[in-house]
Amino acid sequence: MTAAREEILQKIRSAKGVSSPEVAATAYAGIERSYQSSAQLSRKEILHLFEERLREYDASVYRASAAEVGAAVAGVLSGRGVHRVLVPEGLPLEWQQGAEFVADRGFSSAKLDGFASVMTTATLGIAETGTIVLQNVSGQGRRALTLVPDYHLCILSTNQVVETVVEAMRLLEPTRNLPTTLFSGPSATADIEMTRIKGVHGPRFVDVVLVGEE
Amino acid sequence: MSRVPLDPRTAPAFQTAAKMLLGDAQLRKNVRHATDVIQNKRRKLVEEKHDWQLLRESARQIRAHALQHLDVYLDEFERNFTRAGGVVHWARDAAEAQRIVVALVKESGSSEVIKIKSMTTEEVQLNNALEAAGIRAYETDLAELIIQLGEDQPSHIVVPALHKNRAQIREIFRRTMNLPDLGDKPADLADAARRFLREKFLRVKTAVSGANFLIAETGGICIVESEGNGRMCLTLPETLISVVGIEKVIPRWQDLEPLIQLLPRSATGERMNPYNSLWSGVHPGDGPRAMHVVLLDNGRTNVLADSEGRQTLQCIRCAACQNACPVYRQTGGHAYGSVYAGPIGAILTPQLMHMEHSQTLPYASSLCGACYEVCPVKINIPEVLIHLRNKVVEQNGWYAPESLAMKAVAAVFRSERRFRAAQRLGRIAELPLVKSEKRSFSIVGQKQATKPGWIGWLPGLLGGWTDTRDLQAMPKETFRDWWEKRGKA
Ligand code: SF4
C-alpha cells in the first residue's frame, strides 16, 4: 500500500514538477475571488426571498416572535396531524408543545425508522438558494435524525438568515469540521423523464418556523 | 445482476457504435428530451447569477492550482483525514482499487454493500469485482438502481438512466421488484424505489461511495446529491468506503464557495441541489465508525503529465458539456464506450487509456465550442480535442501537413477572441465548399458519400483530412451568438 502511495506521488511529481507547502501557499494567495461575497439586499428583502425560495420547494413557512414559538409549533403540528415528534438534545423545552416529544437517545436505525416526524433548529439559512444548514450541535443533533423521519419541522431565527452561499460558507468556517448538511427543500429526484418528484429517501415534507420580530 | 460494464478496451469505435445507436429512435427521443429540459433550467439559473463568469474563473484557477500542487494537497488531505480517524488507501489502477475495496468490505464483516452513485466506481468496474468476491452491491441512486436492475449501462454522468422512459422503467421494476400492479407515474416508480431500498439502508452495515470534493485542510469530504440515498449511505452504516480520483482534492474550505454554486446550476439546473453533505473523518455518535478513502490514480497521472491535456482533470463532473453537445444529443452516451460520455468522455477516456483504445473518440465532436461555453471550470474541450487528434495523427504517422493544420486550429481555440473571429470567418470562407441542399443532421465520420450541408473537400492543408472525414458546415449563426441572442429575447 505504501508502495502505491510512493509510486503515485512520484508520478505526480514527475508529471508536473515537485511542489512544497510554501510554494503552494504563495500561489494559492494569488487565486482570484472576485465573485459576489456580501449581501446586496436589505434585511427585509433577504427574508422575503428566503421565504419565497422555501415555498418554491413546497415547504410551508410560518413567522413567530420569540415568545410565540411554542404556540406556532403546536399549530403547525396539529395542522399536519402529527402527534409524536423526535427531537435532539438541547432543543428549547418551551418550543416542545402540542405533541409528544421524544429526545434522541442514540436510537438504532430501525428505531429511528419508527418516527414519522422530527423537529430541530438550524445553524443558518441561505436566502438566494432557499438552503438550510444543519450541523451536529445541541438542538440539531446527529445527521440521521433529520434524514430518516418523513417530516421535518425546522425552527430558525431570522437573524440566522444570510443572502448568499458565500456568506454562509464564511460563517461556517470556524465549525467546518462538524458534520454539516445543507438541505434545499425536500429530497427529490428528476431521474425519470426529468420530472421532479418530491421525496425519495430523505424527508418528503418540510416546514419552517422563522423566529424574529423583523 | 451481473452486466457487462462499458469498457473502452472492448467497446466498438465511436463511429461504429454511434451509427448503430442512431437507429434507436426511442433512445434518441429520451436523450433529447432530458438534455433539453436540463439545458433550459440551467440557462435560466446561469443568467440570474450576475457573477457567473467570475465564479467560473475563480473555480478554474482553484482547480488548476490544486492540480499544479497535487502532491502537496493529497499529502495534506491524508494527514488530516487520518488525524480525524479515517484511513487513506492508494490505488494505482482499477485492479488495485477493486482489491482494496473487496478486502475492506470483507474486513467489515459484511457480504452486502449499499452504494451511492459514483462514476469512479463504475470506471473501476467495482460491482463486478464485488460480485466475484461474493459481495452483493445495491445501487441506491434511483437512476443507478434502474440501470442495475435493468442490467444496463449508465449513459450520462448526472442522470445515468436518461435514455429510459417511464414505461421502460416500470417494466424493469415490475419484473425485478415483483410488483405486477406498479403504475407508470414517476411518483409511483420513485415510491417503489423508496420502499425497495429503505429496508437495505436500515440493514446493510457497509457503504461504498465516490466523492465530489476532498478538502485538504480539513481532511473533509463533500458529497452532493438529490435523493437522500447518499445521506443514508454515509450516516447509517458502520463502515464507509469512498473511492475517489486523486484529482478531486481542493485546498481549502473556502474553495467550496464558487464550486458548490457552480455545480448544481450546471448539473441539474438547480440553485442548490437538495443535499450537500460535508464532514471530516469519524464523529463518535454520528455516522460510520470506520471510514476509508481509496485514492485512485488509474491513468490520471498520465493526464497530468500532458501539459495541454491536464486541464481535463479540472472537471467537476457536472455533465453540462454532455447536455450541450450536438453529437451526444444524437447518439446518447453508450456510443462513447466508457462511463464518461459526451465531450468530457471524448477527452478523458483516450487520455486515461493512453490513447491505445478509443482512438476515434477525439473525433466524436463537431468542435462547435458549446461544451467550452458551458463548462463551469472553463475546460477548453475543443482545444484538448484538437491536441488529442494531433496525437492520434502523430501515432498513426499521418501526413505532417494535417498535424500542422491541427496546431493552427489549436492556437485559435486557445484564445476565446480568436475562436469567435475564426467561427465568423469560417462561415464566410466555407460557403463555396458546402453542398447546399438541406438534409437532416448527421454525425461526423460517416463513410457514405458526402451529405449536403457537409464539407467534403477542403483546399490546401486540410485536404488529406477531408478525404476520409466529412466536416459539418458551420452553422449560420454560432452557438455563442445564438446563445447570447436567446438570453436577451
Ligand atoms: S468538462 Fe466541464 S462541463 Fe463537462 S462535465 Fe466536466 S466540469 Fe462539467
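Residues numbered from 1 in each chain as written. Chains lettered and ligands numbered in written order. Predicted model: local features only at pLDDT ≥ 70, side-chain atom pairs only at ≥ 80, totals over all residues. Heavy atoms only, no water.

Colleague: Describe the packing of aromatic side chains, with residues and values.
Modeller: All names here are of chain B. Using the criterion set out here, one finds two aromatic pairs over all chains in the structure. Ring centres 5.3 Å apart and planes at 15° place the aromatic pair F77 and F81 in the stacked group. A residue pair is termed a helical-turn pair when its members lie 3 or 4 positions apart in one helix, as F77 and F81 do in helix α4 (residues 70-83) at four residues. Given a relative accessible area of 0%, F81 falls into the buried group. (Phe/Tyr/Trp six-rings, centres within 6.5 Å; stacked < 30°, edge-to-face > 60°. Helix = DSSP H or I, 4+ residues; strand = E, 2+ residues; numbered from the N terminus. Buried < 20%, exposed > 50% of the residue type's maximum accessible area, 1.4 Å probe, protein only.)

Colleague: Before we move on, can you summarise the sheet that holds strand β6 (residues 220-225) of chain B with the specific residues and values?
Modeller: An order of β8(A)-β5(A)-β6(A)-β9(A)-β9(B)-β6(B)-β5(B)-β8(B) is seen for the eight strands of this open sheet, with the pairing classed as mixed. Across the chains shown, the open sheet's two edge strands, defined by having one partner strand only, are β8 (161-162) of chain A together with β8 (249-250) of chain B. Relative to the sheet, helix α6 (residues 165-172) of chain A contacts β5 (124-126), β6 (131-135) and β8 of chain A, its axis offset from that of β5 of chain A by approximately 160°. On the sheet, helix α12 (residues 256-267) of chain B packs against β9 (180-183) of chain A together with β5 (213-215), β6, β8 and β9 (275-280) of chain B and is oriented at approximately 170° with respect to β5 of chain B. (Pairing = 2+ DSSP bridges. Contact = heavy atoms within 4.5 Å. Axes fitted to C-alpha atoms, helices over the stretch in contact; angles between N-to-C directions.)

Colleague: Just give me the short version of the nonpolar core, but keep the residues and values in it.
Modeller: Within soluble globular proteins, side chains that are nonpolar generally end up buried alongside one another. One finds F173, L214, L256 and Y336 of chain B to be the most contacted residues of the largest nonpolar core, which totals 150 residues. Here this core gets seven residues from one element, more than from any other, and that element is helix α10 (residues 186-203) of chain B. Both of domain 1 (1-31) and domain 2 (36-211) of chain A provide at least three residues apiece to this core. Sequence-distant contacts of L214 of chain B, defined by excluding residues within four places in its chain, comprise F77, G220, I221, V244, K248, V249, I250, V293 and L295 of chain B. One finds A94, A129, V243 and L296 of chain B within the second-largest nonpolar core, a separate group that totals 20 residues. (Core = buried A, V, L, I, M, F, W, Y, C linked by side-chain atoms within 4.5 Å. Domains from an automatic or database assignment.)

Colleague: Can you tell me about the confidence of the model for chain B, naming the residues and giving the values?
Modeller: Residue and element names in this part refer to chain B. Counting all residues, the mean pLDDT for chain B is 81, and 77% of those residues have values of 70 or more. Scored below 50 in pLDDT, residues 398-405 shows 14 contacts in the model against residues more than four places distant or in partner chains. Taken as a whole, residues 422-476 scores under 50 in pLDDT and shows 96 contacts with residues more than four places along the chain or in a different chain. Reported for the predicted complex are a pTM of 0.85 and an ipTM of 0.95. (pLDDT = per-residue confidence, 0-100.)

Colleague: Can you break down the site of the ligand residue by residue, with the values?
Modeller: Around the ligand, the neighbouring residues are C315, I316, R317, C318, A319, C321, I344, C375, P376, V377, I379 and I381 of chain B. Classifying every residue of the shell around the ligand by side-chain character gives eleven nonpolar, no polar and one charged. (Near = heavy atom within 4 Å. Nonpolar A, V, L, I, M, F, W, Y, C, P; charged D, E, K, R; others polar.)

Colleague: I'd like a rundown of the environment of A64 of chain A, residues and numbers included.
Modeller: All names here are of chain A. When you line up the elements, A64 lands in strand β1 (residues 60-64). Under the relative-accessibility criterion, A64 is labelled buried at 4%. With 146 residues separating them in the primary sequence, A64 and L210 have C-alpha atoms 6.2 Å apart. Sequence-distant contacts of A64, defined by excluding residues within four places in its chain, comprise V69, A72, V209, L210, V211 and G212.

Colleague: Quick rundown of the interface of chain B and chain A? Include the residues and the values.
Modeller: Contacts between chain B and chain A engage 97 residues on the former and 79 residues on the latter. The contact between chain B and chain A buries some 7600 Å² in all, and 56% of this surface belongs to carbon and sulfur atoms. Counting across the interface, chain B meets chain A through 14 salt bridges. Among the ionic pairs, D286 of chain B bridges to R143 of chain A, the shortest N-O distance being 3.0 Å. (Buried area = accessible area lost by both parts, 1.4 Å probe. Salt bridge = Lys/Arg side-chain N within 4 Å of Asp/Glu carboxyl O.)

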